[in-house]
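Structural features, examined
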Amino acid sequence: MLFKKKGVFTEEDARKVIELVSAHPEEKELIVMAESVTAEAKRRLWDYARAVKLMADMTGEDREVRVEILEGYVSEKVKGIDVETL
């Protein structure tokens, strides 16, 4: 899933994104595109990815979520879920 936000992506935004992604266990990738991302938001996203991997290891599943964070210009042409609407 691709999430985009013009401006600063905060820890509160990361919480909303994680809630949405966790409702879809088939998702394998979480991409955040924003002009800038706070350190707390990055840590929350990476912690989520590690938690998914840890729980999968404990239950014997083969599940992993890859997190990619893209900082810089956010184009309107890019199709993704706007964090402002969550």
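For the structure itself, consult the block above.
As a further point, take the sheet that holds strand E4 (residues 81–82). Here 4 strands make up an open sheet; going across it, the order is E3-E2-E1-E4 and the pairing parallel. A strand with exactly one partner marks an edge of an open sheet, and here the two such strands are strand E3 (66–71) and E4. Across 6 bridges, the pairing between strand E2 (residues 29–37) and E3 is parallel. Following the sheet pairing, Glu-29 is matched in E3 by Arg-66. Here helix H1 (residues 11–22) sits on the sheet and contacts strand E1 (2–9), E2 and E4; the angle it forms with E1, its principal contact strand, is near 170°.

For the rest of this paragraph, the subject is helix H2 (residues 39–59). Counted at 1.5 Å a residue, the expected span for H2 with its 21 residues is 30 Å, and the 30 Å between its end C-alpha atoms agrees. Among the residues of H2, Ala-41, Leu-45, Tyr-48, Ala-49, Val-52 and Ala-56 are the ones counted as buried. Viewed along the axis of H2, the buried residues span an arc of 90°, placing them on a single side of the element. Of the exposed residues in H2, those oriented more than 90 degrees away from the buried face are Arg-50, Leu-54 and Met-58. Residues of H2 that are buried make contact with E1, H1, E2 and E3. Where H2 terminates, the next one or two residues include Gly-60, which has phi positive at roughly 85°.

The rules behind these values
Residues numbered from 1 in each chain as written. Predicted model: local features only at pLDDT ≥ 70, side-chain atom pairs only at ≥ 80, totals over all residues. Heavy atoms only, no water. Pairing = 2+ DSSP bridges. Helix = DSSP H or I, 4+ residues; strand = E, 2+ residues; numbered from the N terminus. Contact = heavy atoms within 4.5 Å. Axes fitted to C-alpha atoms, helices over the stretch in contact; angles between N-to-C directions. Expected span 1.5 Å × (residues − 1). Buried < 20%, exposed > 50% of the residue type's maximum accessible area, 1.4 Å probe, protein only. Arc of directions from axis to C-beta.

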